[in-house]
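Architecture and fold: a report
Chain by chain, the residues:
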Amino acid sequence: MPITHGEKGTFFLLAMMRAFFLKENKRISKVFLNFRLYFLSFEIIIMTYVCIEQNVDYKGKRGLSVKKVEDYVRSIPDFPEEGIIFRDITSVLQDAEGLKLSIDSMIGLLDGLDFDVVAGTESRGFIFGVPVAYALNKPFVPVRKKGKLPCETVEATYDLEYGSATIEMHKDSIQPGQKVVLVDDLIATGGTIEAAIKLVEQLGGEVVKVIFLMELAGLKGRDRLGKYDVSSVIVYEGK
């Protein structure tokens, strides 16, 4: 049976409508897919925020939030004498995350600083100074107790609560004009680090920064280093 012109027009219209709806369906599907992706991203952001606030991971386990360096420091009351709180760094060193965080935090204190050498005082200044120097591709110079260095040295003596102590550096360890960063674990009264500064300057170096992991602000060691740039990761207000 032959198809009339009217039927041809109808078939053509139906074909056009089908093509239109197929195209629209693809567009709608694409819009819907984009909406689902946006919603999923938003849901991930919300879940992450909630997990951090609640200190849990995505499986509901506790311990997601980032700890501070001071969270790893063990405080021991009445040691070495009554009324003193001893800040023990061994608890930092024996924890992998604590150790990494402490070193990274000290490196952060040097951000943007131009310097040539890292020097550290015996012995805990070695513990923190060497990894800082290594990470920043700088040489490390040890400041040692008297009698420990084999070559020609310069020395400086400083007062202790009962008596005095002497530290030394090799004469060839610092070149004139070099910019030096001094590192130690703790500043209390500041006598040791002040003597180390004198040695660096005696050798012709310039101390551009002094950094510590911890500072006992109550002992006012920073006051002895008044003209120098001093920074500490942790500051304890007491002694």
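Residues numbered from 1 in each chain as written. Predicted model: local features only at pLDDT ≥ 70, side-chain atom pairs only at ≥ 80, totals over all residues. Heavy atoms only, no water.

1. Brief notes about the overall build of the protein
Helix and strand content of the protein: six helices and nine strands. Counting over 239 residues, the protein shows a buried share of 32%. When the accessible area of the protein is evaluated, it comes to approximately 15,600 Å², of which 58% is carbon and sulfur surface. (Helix = DSSP H or I, 4+ residues; strand = E, 2+ residues; numbered from the N terminus. Buried < 20%, exposed > 50% of the residue type's maximum accessible area, 1.4 Å probe, protein only. Areas by Shrake-Rupley, 256 points an atom, 1.4 Å probe, with all protein chains shown as cover.)

2. Notes on the packing of helix α3 (residues 96–108) against helix α4 (residues 124–135)
Interaxial distance between α3 and α4 falls to 10 Å at its minimum, and their mutual angle equals 65 degrees. Along this stretch, α3 crosses α4, giving a crossing that reads as right-handed. The segment α3 lies against α4, with S102, I103, M106 and I107 engaging I127, F128, P131, V132 and A135. (Axes fitted to C-alpha atoms, helices over the stretch in contact; angles between N-to-C directions. Left-handed = near helix turned anticlockwise from the far one by under 90°. Contact = heavy atoms within 4.5 Å.)

3. Details of the pattern of salt bridges
This structure, assessed with the given rule, holds 11 salt bridges. Residue E122 pairs with R144 through a salt bridge whose shortest N-O separation is 3.0 Å. Residue E122 is found in the loop between β3 (117–121) and α4, and its partner R144 is found in strand β4 (residues 140–145); the two are separated by 22 residues along the sequence. On the basis of relative accessible area, E122 is assigned to the partly exposed category, the value being 22%. Of the charged contacts in the structure, one is a salt bridge between K146 and E168, with a shortest N-O distance of 3.7 Å. Highlighted residues: K146 in the loop between β4 and β5 (153–160) and E168 in strand β6 (residues 163–170), separated in sequence by 22 residues. What you see here is one network of salt bridges that share partners, running through K146, E155 and E168. (Salt bridge = Lys/Arg side-chain N within 4 Å of Asp/Glu carboxyl O.)

4. With respect to the sheet that holds β3
Spatially, seven strands are ordered β5-β6-β4-β3-β7-β8-β9 in an open sheet, and the strand pairing comes out mixed. Every interior strand has two partners, whereas the edge strands, β5 and β9 (230–236), have only one. Put simply, the sheet's adjacent strands are angled 20 degrees from each other on average, direction ignored. Judged from the eight bridges that link them, β5 and β6 form a sheet pairing that is antiparallel. What sits directly across from Y158, in β6, is A165. Across the face of the sheet, α3 comes into contact with β7 (179–187), β8 (206–216) and β9 while running at roughly 145 degrees to β8. Packed on one face of the sheet, helix α5 (residues 191–202) meets β3, β4, β5, β6, β7 and β8 and runs near 155 degrees to β5. (Pairing = 2+ DSSP bridges.)

5. With respect to α5
An ideal rise of 1.5 Å per residue puts 16 Å on 12 residues; α5 measures up with 17 Å between its terminal C-alpha atoms. Of the residues making up α5, those classed as buried are G191, I193, A195, A196, I197, L199 and V200. The positive-phi residue at the C-terminal boundary of α5 is G204, with phi of around 95 degrees. (Expected span 1.5 Å × (residues − 1).)

6. Considerations on the packing of aromatic side chains
Taken as a whole, this structure holds two aromatic pairs when the rule is applied. Between F79 and F86, the aromatic rings sit 5.3 Å apart at their centres with planes inclined by 85 degrees, giving edge-to-face as the arrangement. The ring centre of Y72 lies 4.4 Å from the NZ or CZ of K67, which sits over that ring. Sitting above the plane of the Y236 ring, R87 keeps its charged end 3.9 Å from the centroid. (Phe/Tyr/Trp six-rings, centres within 6.5 Å; stacked < 30°, edge-to-face > 60°. Lys NZ or Arg CZ within 6 Å of the ring centre and 35° of its normal.)

7. Thoughts on the nonpolar core
Counting residues in each nonpolar core, the largest one holds 27 residues, and the members touching the most others are M169, L182, V210 and L225. Those elements that place two or more of their residues in this core are β3, β4, β5, β6, β7, α5 and β8. The element best represented in this core is α5, accounting for six residues. If we ignore the near neighbours within four places in the chain, the residues touching L182 are A119, I193, A196, I197, V207, K209, V210 and I211. Counting 23 residues, the second largest nonpolar core, distinct from the first, contains V69, Y72, I211 and L216. (Core = buried A, V, L, I, M, F, W, Y, C linked by side-chain atoms within 4.5 Å.)

8. Some details on the pairing of β6
Burial analysis of β6 places six of its eight residues in the buried class, the great majority of the element. Note that β4 and β6 share two bridges and pair antiparallel. The residue bridging K145 from the neighbouring strand is I167, located in β6. Here β5 folds back onto β6 in antiparallel fashion, the turn holding two residues.

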